[in-house]
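# A closer look at the structure
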Amino acid sequence: MLDILVYEEQQQAAVGEAGPCLEYLLQHKILETLCTLGKAEYPPGMRQQVFQFFSRVLAQVQHPLLHYLSVHRPVQKLLRLGGTVPGSVTEKEEVQLTTVLCSKIQQDPELLAYILEGKKIVARKKACGEPDALPKDAASHRDKNCSHNGAPARPQWDGEPCGAQALNNPLLAETEELDGGTAESNLITSLLGLCRSKKSRVALKAQENLLLLVSTASPAAATYLAQSSPCCRAIVRHLCQLYRSMPAFLDPADIAALEGISWRLPSAPSDEASFPGKEALAAFLGWFDYCDHLITEAHAVVADALAKAVAEKLFMETLQPQLLHVSEPSILTSTALLTAMLRQLRSPALLREAVTFLLGTDRQPEAPGDKPCALYVHLIGHCDHLSDEISIATLRLFEELLQKPHEGIIRSLVLRNLEGRPYVARGSPEPESYEDTLDLEEDPYFTDSFLDSGFQPRAKPRPAPATSYDGKTAVTEIVNSFLCLVPEEAKTSAFLEETGYDTYVHDAYGLFQECSSRVAPWGWPRTPIPLDLHEPERPFFEGQFLRVLFDRMSRILDQPYSLNLQVTSVLSRLALFPHPHIHEYLLDPYISLAPGCRSLFSVLVRVIGDLMQRIQRVPQFPGKLLLVRKQLTGQAPGEQLDHQTLLQGVVVLEEFCKELAAIAFVKFPPNGPLQNFSPAPEGQV
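Reading the values: the criteria
- Residues numbered from 1 in each chain as written.
- Predicted model: local features only at pLDDT ≥ 70, side-chain atom pairs only at ≥ 80, totals over all residues.
- Heavy atoms only, no water.
- Helix = DSSP H or I, 4+ residues; strand = E, 2+ residues; numbered from the N terminus.
- Buried < 20%, exposed > 50% of the residue type's maximum accessible area, 1.4 Å probe, protein only.
- Contact = heavy atoms within 4.5 Å.
- Areas by Shrake-Rupley, 256 points an atom, 1.4 Å probe, with all protein chains shown as cover.
- 1 Å grid on protein atoms, 1.4 Å probe; cavity = no way out; pocket = protein on both sides within 12 Å on 5 of 7 lines; lining within 4 Å.
- Points joined across faces, edges and corners; volume = space filled by probe spheres on them.
- Nonpolar A, V, L, I, M, F, W, Y, C, P; charged D, E, K, R; others polar.
- Phe/Tyr/Trp six-rings, centres within 6.5 Å; stacked < 30°, edge-to-face > 60°.
- pLDDT = per-residue confidence, 0-100.
- Core = buried A, V, L, I, M, F, W, Y, C linked by side-chain atoms within 4.5 Å.
- Salt bridge = Lys/Arg side-chain N within 4 Å of Asp/Glu carboxyl O.
- Axes fitted to C-alpha atoms, helices over the stretch in contact; angles between N-to-C directions.
- Parallel < 35°, antiparallel > 145°, perpendicular 65-115°, else oblique.
- Left-handed = near helix turned anticlockwise from the far one by under 90°.
- Arc of directions from axis to C-beta.
- Patch = residues over 30% accessible without salt bridge, like charges linked within 9 Å, V, L, I, M, F, W, Y side chains within 5 Å.
- Lys, Arg positive; Asp, Glu negative; His and termini not counted.
- Charge placed at Lys NZ, Arg CZ, Asp CG, Glu CD.

A count of helical and extended segments in the protein chain gives 33 helices and zero strands. By the burial criterion, 54% of the 685 residues in the protein chain qualify as buried. Restricting the contact set of the protein chain to residue pairs at least 6 apart, pairs at least 24 apart contribute 78%. For the protein chain, the accessible surface area stands at approximately 30500 Å², while carbon and sulfur atoms represent 53% of it.

In this section: empty space enclosed by the protein. This structure, assessed with the given rule, holds three cavities of 30 Å³ or more. Here the largest cavity defines a volume of roughly 80 Å³. The wall of the largest cavity is formed by Leu5, Glu8, Glu9, Gln12, Glu17, Ala18, Gly19, Leu22, Val61 and His63. The element contributing the most residues to the lining of the largest cavity is helix α1 (residues 2–11), with three residues. Looking at the lining of the largest cavity residue by residue, the class counts come to four nonpolar, three polar and three charged.

Structurally, Ala425 is set in the loop between α23 (407–418) and α24 (434–437). Distance in space between the C-alpha atoms of Ala425 and Leu531 is 9.6 Å, their sequence separation being 106 residues. Leaving out residues up to four positions away in the same chain, Ala425 has contacts with Glu537, Ser592, Leu593 and Ala594.

Time to look at the packing of aromatic side chains. Two measures describe an aromatic ring pair: the distance that separates the ring centres and the angle between the ring planes. Here the structure, examined in full by the defined rule, presents 13 aromatic pairs. Seen from their ring centres, Phe398 and Phe545 are 4.9 Å apart, and the 40 degrees between their planes marks the pair as tilted. Of this pair, Phe398 sits in helix α22 (residues 388–402) while Phe545 sits in helix α28 (residues 544–554); the two residues are 147 residues apart in sequence, bridging distant segments of the chain. Both rings, one in Trp524 and one in Phe577, keep their centres 6.2 Å apart while their planes meet at 50 degrees; by these two values the pair is tilted. Of the two residues, Trp524 is situated in the loop between α27 (501–519) and α28 and Phe577 in the loop between α29 (561–576) and α30 (580–587); the sequence distance between them amounts to 53 residues. Just as Trp524 is buried, Phe577 falls in that class too. A connected cluster of aromatic rings, assembled from ring pairs, spans Tyr423, Phe540, Phe550 and Tyr585.

Take the confidence of the model for the protein chain next. For the protein chain, per-residue confidence averages 81 on the pLDDT scale, and 78% of positions sit at 70 or higher. For residues 121–126, every residue scores under 50 in pLDDT, and the model assigns this stretch 20 contacts once sequence neighbours within four places are set aside. Note on residues 129–183: pLDDT under 50 across the span, and 93 contacts to partners over four residues away in sequence or across chains.

Moving on to unusual backbone geometry. The step from Tyr42 to Pro43 runs through a cis peptide bond, and the omega angle for that step is -5 degrees. Along the polypeptide, Pro43 turns up in the loop between α3 (30–40) and α4 (46–60). Residue Glu41 is not a glycine yet carries a positive backbone phi of 55 degrees. Take Glu41: it is sitting in the loop between α3 and α4.

Here we take up the environment of Gln640. Following the sequence through the fold, Gln640 ends up in the loop between α32 (621–632) and α33 (644–667). Sequence-wise, Gln640 and Val628 are 12 residues apart; in three dimensions their C-alpha atoms are separated by 9.4 Å.

Moving on to the nonpolar core. Residues Leu314, Ile410, Phe545, Met553, Leu604 and Leu653 are the most contacted members of the largest nonpolar core, which totals 202 residues. Element by element, the count of residues in this core is highest for α33, at 15 residues. Here Leu314 is in contact with Leu239, Cys240, Tyr243, Phe284, Phe288, Ala309, Leu319 and Met341, once residues within four sequence places are set aside.

To continue, consider the pattern of salt bridges. Here the structure, examined in full by the defined rule, presents 25 salt bridges. One salt bridge connects Glu399 with Arg573, and the closest N-O pair in it is separated by 3.6 Å. Here Glu399, found in helix α22, pairs with Arg573, found in helix α29; they are 174 residues apart in sequence, far enough to count as distant. The exposure classification of Glu399 matches that of Arg573, with both residues buried. Shared partners join several salt bridges into a network, and the residues in it are Arg629, Glu654, Glu655 and Lys658.

At a minimum axis separation of 8 Å, α27 and α33 run at an interaxial angle of 50 degrees. Taken together, α27 and α33 sit at an angle that is classed as oblique. The two elements α27 and α33 meet at a crossing, and its hand is right-handed. Judged by residue contacts, Tyr501, Tyr504, Val505, Ala508, Tyr509 and Phe512 of α27 engage Glu655, Lys658, Glu659, Ala661, Ala662, Ile663, Phe665, Val666 and Lys667 from α33.

Attention now moves to the side chain of Glu584. With respect to the helices and strands, the residue Glu584 is situated in helix α30. Ignoring sequence-local partners within four residues, the contact set of Glu584 consists of Arg421, Tyr423, Val424, Pro528 and Ile591.

This brings us to the environment of Leu2. Relative to the elements of secondary structure, Leu2 occurs in helix α1. Leu2 gets classed as buried once you look at its relative accessible area, which sits at 13%. As a C-alpha pair, Leu2 and Val57 span 55 residues in sequence and 6.3 Å in three-dimensional space. Leaving out residues up to four positions away in the same chain, Leu2 has contacts with Phe53, Arg56, Val57 and Gln60.

Two elements in contact, helix α6 (residues 91–107) and helix α12 (residues 186–195), have axes separated by 11 Å at closest approach and are oriented at 135 degrees. Classed by the angle they form, the pair α6 and α12 counts as oblique. Between α6 and α12 lies a crossing whose hand is left-handed. Contacts between α6 and α12 involve Glu91, Glu94, Val95, Thr98, Leu101, Cys102 and Ile105 from the former and Leu187, Ser190, Leu191 and Leu194 from the latter. Classifying every residue of the contact of α6 with α12 by side-chain character gives seven nonpolar, two polar and two charged.

Once that is clear, we can look at helix α2 (residues 20–27). Since the α-helix packs 3.6 residues into each turn, any two residues three or four apart lie on the same face. Among the residues of α2, those classed as buried are Leu22, Leu25 and Leu26. Down the axis of α2, the buried side of the element spans an arc of 95 degrees, and every buried residue falls inside it. For α2, exposure combined with an orientation more than 90 degrees from the buried face picks out Pro20 and Gln27. Those residues of α2 that are buried are in contact with α1, α3 and α5 (69–81).

Moving on, we come to a negative patch on the surface. The grouping of Asp251, Glu328, Asp388 and Glu389 at the surface amounts to a negative patch. With respect to the helices and strands, Glu328 occurs in helix α19 (residues 328–344). Glu328 sits in the partly exposed class, given a relative accessible area of 38%.

Relative to the helices and strands, Thr394 resides in helix α22. Looking at Thr394, the relative accessible area reads 0%, which means it is buried.

Here's what the structure looks like:
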């Protein structure tokens, strides 16, 4: 039959006109008969043959067939026949048929109207008295399928044709009752069933077909997909099922180590260490990556609907209760999984929903007594949790969030509280040097006995520029302020190789370039807004996020090494942002702070003051400090020492100051890095 149909079409003189053999096939419902034989599996193996025949007919016959009722009705039956039994022997043939259908829809998106409406369109045709086959003079695809405005001429999405006649027709009522009141999207349900196939090639091809379907949908079809079809609900339902199939508790290290999972390669890499739940975790992350890719490629209407469904069903109903749970293992696992999802997330629509879920929608400056989004408050509290593991996991979550291209993240966490520069003292002259800003004599840490103990501030730095920077002079002052902050007796990096300031400059330059390109579309100003000296000072609150980071930073000498690394890593990420207010507040030692305000530099100064007092109580401090540094770099055996937490904190503090100096160097001037300055030797610029 196929050879006859193809030969007839090749010999047909008039293009687009149905020949007598094709008319016979349509009028005598040959395809319906074959579909019935395939359903009955008579003779045995007939179902596979029918799938193959349908695929070849639709692919090789150029005349448009899917518009005929006697073609698309058996196609719908065949789609319902397949995709319902997992592990079916006809999966390969089923995915071939869906591939042909999706290819036809890609060529003409209006075909989706016929494919999606399923049995309901059959009832409408009969209710309206439409023929099963189109007349020859309407065989042209453009004439019979498209109205003057480009929408499908016969199928209607909202069920408006035939009006009361359709509503009063018993056949139509019976069809809608069978459908459960909604139109069946058989192609979609078949594709979703095949996506869950155990055969990786079948599942991958089905996913590609579904991706093709949602990306080529017309506006009307996209609206139908989003609002009336089970497409979004079924995709997200499978995502939530995969989430629930994972073990209740997973090691965050195992989750973080399982990188490189994508929907095209959903299985876990074989070279990774095995752990309980590894395959289930890989399957979940692979399907989440597929959902993210679907949202990126789909029509905007479908993308928004799918993103909202993921936010509602996965984020709100599944993840949020675990993040708010009192059980520490539950908090730890859900936070690590959320971090892994953020690492994979690329679609703007889903990122927008994730940001709203995590941070809320409020963008007004924070106040100490505010009650913002409940989840946001809990996550901030988890950064300062009694469990160091939960604190580290939550800080990693925020660090991942800060690397996403969404301005609302940095605005919600930091920028909204720095608007108007309320951290700068009004009506006071600009500082001549950092000694004017950091009045050591009035600081309780810098008492006479402390100064007599051996710590002396460096020689008075050169005066800082008053209102504008003049290039190398200003960057020299700022960088030296950080490099010289840690006193010589607390430094050990000079005794080891490859720990110099120049290494940080190289790394900071690459990270700053990456950050600058990410925020470039946001249109940030190049310089801080001028202060209105006549405007009264308003109370400054650094915000919940910076407050917990500064509090953690002030305890760096008493915290575990891994926690200190994560705190300084998040602060470094913040300092890289090229916004002038962030640069000024975090990296400028010379600003005159408003009463009661603290900056990153002032927090570091107080930590140094505490350190110098505690050094006096540690015998053989320089030798022990050098040994701890060697242990951390793997150059000495890891034996336990007295005051080990303190000594590890000192090492992190020294490296963090060098990192901040490098970031300040590459960011200067604040709107771009200096490329004509080479890094100076350790300890000076």
